[in-house]
Amino acid sequence: MNLDSTCDMRIVEIDLASTAQREGYDRLFEDCPDAFIQQSSFWADCIAPLGPDRPIFLLCRDGERDIAGLPLYLFEAESGNILTSVPQPGPMGGVFSQPGLSDEQIDEAYRLLIGRAIEIAEQHRCISLSIISNPFKNDVAKYEKHLEPTHVFENFTQYAPLDRPIQCSAGQRDNLRKARKFGYTAVSCESHECFLSWLGLHRQRFAEIDAQPLDGSLLENLFCRLVPLRKASLMLLMDGATIASGALYVKHRNIMDVFAISLNSAYSRQGANAANTDASIEWAKQEGCGIYNWQSSPSRDSGVYTYKRHWGSIEAPYYFLTKLFCPEERLRALGADRIRQEYVGHYVVPFGLFTSAPGTRRFYKT
């Protein structure tokens, strides 16, 4: 086979209920070190009870070889169906591809996958199609070219490269000294009982900071399905039988994501979160990850952003690219509150749309 050829490329739609088709998708996914766990069929299982969404997974096939994929989810709603690659919390990634492809193959794969996504959105009378770009590949130009999005929302993530020493701040080094002096025990939790104890801490912590905790069924599904596959770890910092800090981390090959970290406020002055972060970084290195992905923050002025920056994190932009199949006025008439209520856990359009002039195309996290 001529690996530079694009004439034999075509799109195959995957039925996850078919064992053989699912295994084919999973083989490609496992062969792609720079894919995100959120692009996997395992993730589809984890979020299945929440939507409900219908997964529509696409493969780009060159001859008999699968070279690229795009997971999509159809969400049906009274105000209009949507198609998205980014349902539920912690979304990352749209198209993923095999290493070693030529530029021509990659561009053609994006063209074919995005073109089929547009066809599916039109077939299901969707009001919007949203795909997320990859912050570590800078593939936004391919979406601009082939999707021709109506709206683009620029977000950011923070990450730490693991091929060099972590440059944490003096404050974090002091927190680590406090933690070592305190004598925590780091435990990778695998029992359901431990998980439920951490879930209680997660809910308690979010109540303390007056924030909405993550859906417990999502966290439980991630723990129960991904930990046995070594694609997640629930890291607990223990003071005897008490959880001082706990965090759920998810990963695939080169990339580990910090999904949810919760501090027992009684240990806020003993460096518990710092020790948890340090232990998870070591675990990521042992697992062969090259990127410690903190994910996004509410704003650059938030304490969350500052904490990540104190670990020497680097900022990288990524984009939610949305193509509308209805007049913008229809979405404006629905309003932000109704969209929040009707499309829980789903990205429809940038919320800046409702406070900006008609026709505004680009939006930014402030």
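Look up: the structure comes first, before these words.
Along every chain, residues carry numbers that run from 1 in the direction the sequence is written. Only residues with pLDDT of 70 or above have their local features reported here, since the model is predicted, and side-chain atom pairs are shown and tallied only from 80 upward, although totals for entire chains, interfaces and linings are computed over all residues. Computation of side-chain values: all heavy atoms of the structure, hydrogens and water removed.

A. How the structure looks around the overall build of the protein. Secondary structure counts use DSSP, requiring at least four H or I residues in a row for a helix and at least two E residues in a row for a strand, with both numbered from the N terminus. On a plain count of helices and strands, the protein comes out with ten helices and 14 strands. Within these notes, the globule rule equals 2.2 Å times the number of residues to the 0.38 power, and the radius of gyration is based on C-alpha atoms. In summary, the protein has a C-alpha radius of gyration of 21 Å against a globular reference of 21 Å for 366 residues, a match within 12%. The cut-offs for exposure are 20% and 50% of the maximum accessible area for each residue type, with area from a 1.4 Å probe on protein chains only; residues under the lower value are buried, those over the upper are exposed, and the others partly exposed. Relative to its full complement of 366 residues, the protein shows a buried share of 55%. Only the protein chains shown count as cover for residues, and the accessible areas themselves come from Shrake-Rupley with a 1.4 Å probe. Of the roughly 15,900 Å² of accessible surface on the protein, a fraction of 48% belongs to carbon and sulfur atoms.

B. Region of interest: the packing of helix H3 (residues 103–123) against helix H4 (residues 140–147). Axis angles are defined between N-to-C directions and span 0 to 180 degrees, where every axis is a line fitted to C-alpha atoms and, for a helix, only to the segment in contact. Following both chains from N to C, one finds H3 and H4 inclined at 50°, their axes separated by 9 Å at the closest point. Overall, the two elements H3 and H4 adopt an arrangement that is oblique. As H3 packs across H4, the resulting crossing turns out to be right-handed. Within the contact between the two elements, H3 uses Ile106, Asp107, Tyr110, Arg111, Ile114 and Ile118 and H4 uses Lys142, Tyr143, Lys145, His146 and Leu147. Note that Gly is not counted as nonpolar here; it falls among the polar residues with everything else outside the nonpolar set of Ala, Val, Leu, Ile, Met, Phe, Trp, Tyr, Cys and Pro and the charged set of Asp, Glu, Lys and Arg. The residue inventory of the contact of H3 with H4, partitioned by class, reads six nonpolar, one polar and four charged. Should an angle fall under 35 degrees it is taken as roughly parallel, and over 145 as roughly antiparallel, whereas 65 to 115 is taken as roughly perpendicular and any remaining angle as oblique. Should the near helix be turned anticlockwise from the far one by less than a right angle, the crossing is termed left-handed; should it be turned clockwise, right-handed. Residue contacts are counted whenever heavy atoms from the two residues lie within 4.5 Å of one another.

C. Summary view of the packing of helix H6 (residues 192–208) against helix H7 (residues 216–226). The contact between H6 and H7 brings their axes to 11 Å, and the two run at 145°. For the pair H6 and H7, the crossing hand works out as right-handed. Counted together, His192, Phe195, Trp198, Leu199, His202 and Arg203 of H6 and Gly216, Leu219, Glu220, Phe223 and Cys224 of H7 form the full contact between these two elements. Of the residues in the contact of H6 with H7, the class split is six nonpolar, three polar and two charged.

D. Layout of the pattern of salt bridges. By definition here, a salt bridge exists when the distance from a side-chain nitrogen of Lys or Arg to a carboxyl oxygen of Asp or Glu is within 4 Å. As enumerated under the stated definition, the model contains 21 salt bridges in all. Among the ionic pairs, aspartate 45 bridges to arginine 22, the shortest N-O distance being 2.5 Å. With aspartate 45 in helix H2 (residues 41–47) and arginine 22 in helix H1 (residues 19–30), this pair connects stretches of sequence that are 23 residues apart. A residue is classified by how much of its surface remains accessible, and aspartate 45, at 24% relative accessible area, is partly exposed. One continuous salt-bridge network, built from bridges that share partners, spans Glu13, Arg116 and Glu119.

E. Main features of the packing of aromatic side chains. Only Phe, Tyr and Trp rings take part, Trp by its six-membered ring, and two of them pair if their centres are within 6.5 Å. Stacked means planes under 30 degrees apart, edge-to-face means over 60, and tilted covers everything else. Taken as a whole, this structure holds 22 aromatic pairs when the rule is applied. When the centroid spacing of 5.9 Å and the interplanar angle of 45° are considered together, the rings of tyrosine 318 and phenylalanine 320 count as tilted. The class of tyrosine 318 is buried, set by a relative accessible area of 3%. Exposure remark for phenylalanine 320: the relative accessible area of 7% places this residue in the buried category. Through pairs of rings, three or more aromatic residues link up here, namely Tyr25, Phe29, Phe57, Tyr73 and Phe96. Across from the ring centre of phenylalanine 351, 4.3 Å away, lies the NZ or CZ of arginine 340, which sits over that ring. The aromatic ring of phenylalanine 156 is capped on one face by lysine 365, whose charged end is 5.4 Å from the ring centroid. In this analysis the charged atom, NZ for Lys or CZ for Arg, is taken to sit over a ring once it is within 6 Å of the ring centre and within 35 degrees of the ring normal.

F. Broad picture of the state of the cysteines. Our working definition of a disulfide is a cysteine sulfur pair at a distance within 2.5 Å. As enumerated under the stated definition, the model contains zero disulfides in all. Between cysteine 224, a free cysteine, and cysteine 46, which holds the nearest cysteine sulfur, the sulfur-to-sulfur gap is 9.1 Å. Owing to a relative accessible area of 38%, cysteine 224 belongs among the partly exposed residues under this scheme. Residue cysteine 326 stays outside any disulfide, its sulfur separated by 10 Å from that of cysteine 126, the closest cysteine.

G. Representation of the pairing of strand S10 (residues 242–252). Here S10 lies mainly inside the structure; ten of its eleven residues are buried. DSSP-based pairing: two strands are paired if at least 2 bridges between them are found. Relative to S10, strand S9 (residues 232–239) runs antiparallel, the two sharing eight bridges. Residue pairing across strands places methionine 238 opposite isoleucine 243, the latter belonging to S10. In this structure, the hairpin formed by S9 and S10 is closed by a connection of two residues, where glycine 240 is found at a positive phi of approximately 65°. Both S10 and strand S11 (residues 255–263) contribute to a ladder of eight bridges, which runs antiparallel. In the sheet register, alanine 247 faces S11, and the bridge partner there is isoleucine 261.

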